[in-house]
Every structure is written in structure tokens, then in C-alpha cells.
Amino acid sequence: QVQLSESGGGLVQAGDSLRLSCAASGRTDSTYAMGWFRQPPGKDREFVAAMRRSGGFTYYADSVKGRFTISRENAKGAANLQMNNLKLEDTAVYYCAAVTSRRPGPLTTMGSYDYWGQGTEVTVSS
């Protein structure tokens with residue numbers, strides 16, 4: 001099993017930066033890929049970023065490309081999300097996700113992941 005726990009959220013102003021962390025426990029060396037999703041207030045959960053354990057492949061939603069950066073610490077089984085130039089529309093609960101083997105679906109979909117954290121809230125004000 002893999003247990004995930006997000007941290008680093010908070011209340012910030014537009015233009016500020018935040019760094020979210022996803023701490024993993026259990027078999028931390030077994031993840032094939034990790035990703036970040038977010039759920040804005042009153043909206044569905046949406047894809048943010050993902051990275052494979054090997055190969056250096058990264059994926060970003062168009063809304064965050066150029067502003068957010070995902071990174072992994074494979075030895076710890078952890079994933080970070082650096083968020084720069086935050087906008088009002090970035091307000092959401094951010095979730096970390098992991099999968100231990102390759103799945104048929106793309107890493108941009110929630111169904112491709114087996115493990116989820118409980119979320120960390122990010123609120124951006126003007």
C-alpha cells in the first residue's frame with residue numbers, strides 16, 4: 001500500500017507563489033507515476049500535472065503550463081508542485097495521486113490512479 005498526504009496550502013494573494021508537497025509512506029519506491037489534481041469550489045476535480053517515475057515525462061494542464069512545475073523525489077516516493085504567479089482561478093483543494101503500475105488510461109485522468117491524499121486547500125485572493 002501507498003499512503004499520501006498533501007501539505008503546503010494556504011491563503012495567498014494573486015501573483016504569489018506556493019509549493020505543495022505530497023508525502024508518501026508505505027512502499028514509497030513502487031510508484032509508476034504521480035499526479036496532482038484540483039477541485040475548485042462548486043466544480044469537478046480536474047487534472048493539474050503528472051510525472052512518470054522514469055523517462056522524465058511530464059504533463060500539464062493548459063491552464064497551469066508555464067506557471068506550475070511538478071517534481072519527484074523518487075527515493076522518498078514524494079511529489080512536489082511549485083505554483084508561481086497564482087491566479088484567482090487557481091483557488092481549489094489540491095490532491096496528490098499515485099499509481100503503482102501502468103494503466104490503459106492517460107495520466108491526465110483520475111481513473112488512472114489508485115491512491116489519493118486527502119487534499120490541501122489553496123485560496124487565492126485579489
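Since the model is a prediction, treat every value here as computed from it, not as a measurement. (Residues numbered from 1 in each chain as written. Predicted model: local features only at pLDDT ≥ 70, side-chain atom pairs only at ≥ 80, totals over all residues. Heavy atoms only, no water.)

Remarks on unusual backbone geometry
Now for step 1: Positive phi is not limited to glycine here, since N85 has a value of about 50 degrees.
Now for step 2: Topologically, N85 is positioned in the loop between β8 (78–83) and β9 (92–99).
Now for step 3: A residue is classified by how much of its surface remains accessible, and N85, at 43% relative accessible area, is partly exposed. (Helix = DSSP H or I, 4+ residues; strand = E, 2+ residues; numbered from the N terminus. Buried < 20%, exposed > 50% of the residue type's maximum accessible area, 1.4 Å probe, protein only.)

Digging into the state of the cysteines
Now for step 1: Considering all chains together, one arrives at one disulfide under this definition.
Now for step 2: Disulfide pairing is shown between C22 and C96; the S-S distance is 2.1 Å. In this structure, the disulfide formed by C22 and C96 twists by about -85 degrees around the S-S bond and is classed as left-handed. Remark: C96 occurs in strand β9 and C22 occurs in strand β3 (residues 18–26); sequence separation between them is 74 residues.
Now for step 3: Relative accessible area serves as the criterion here: at 1%, C22 is assigned to the buried category.
Now for step 4: Classification of C96 by relative accessible area gives buried; the value is 0%. (Disulfide = S-S within 2.5 Å.)

Brief notes about the sheet that holds strand β7 (residues 68–73)
Now for step 1: In spatial order, the strands read β1-β3-β8-β7; together these four strands make up an open sheet with antiparallel pairing. Among the strands making up the open sheet, the edge pair consists of β1 (2–7) and β7. Direction aside, neighbouring strands of the sheet carry axes that sit 15 degrees apart on average.
Now for step 2: Pairing analysis gives six bridges linking β1 to β3, with the strands arranged antiparallel. The partner of S5 across the bridge, within β3, is A23. (Pairing = 2+ DSSP bridges. Axes fitted to C-alpha atoms, helices over the stretch in contact; angles between N-to-C directions.)

Some words on the side chain of T91
Now for step 1: Tracing the backbone through its elements, the reader meets T91 in the loop between β8 and β9.
Now for step 2: In this structure the side chain of T91 is engaged in a polar contact, spanning 3.1 Å, whose partner is the backbone oxygen of L88.
Now for step 3: In this structure the side chain of T91 is engaged in a polar contact, spanning 2.9 Å, whose partner is the backbone nitrogen of V124.
Now for step 4: The contact partners of T91, leaving out residues within four places of it in the chain, are P40, P41, V122, T123 and V124. (Polar contact = N/O pair within 3.5 Å; in protein donor to acceptor, adjacent residues only side chain to side chain. Contact = heavy atoms within 4.5 Å.)

Examining the packing of aromatic side chains
Now for step 1: In the structure shown here, the tally under the stated rule is four aromatic pairs.
Now for step 2: Judged by centre distance (5.5 Å) and plane angle (80 degrees), the ring pair of F37 and Y113 falls under edge-to-face. Taken together, the residues span a long stretch of sequence, with F37 in strand β4 (residues 33–39) and Y113 in the loop between β9 and β10 (115–116) at a distance of 76 residues. Each member of the pair F37 and Y113 is classed as buried.
Now for step 3: For the pair F37 and W116, a centre-to-centre distance of 5.2 Å together with 55 degrees between the ring planes defines the contact as tilted. (Phe/Tyr/Trp six-rings, centres within 6.5 Å; stacked < 30°, edge-to-face > 60°.)

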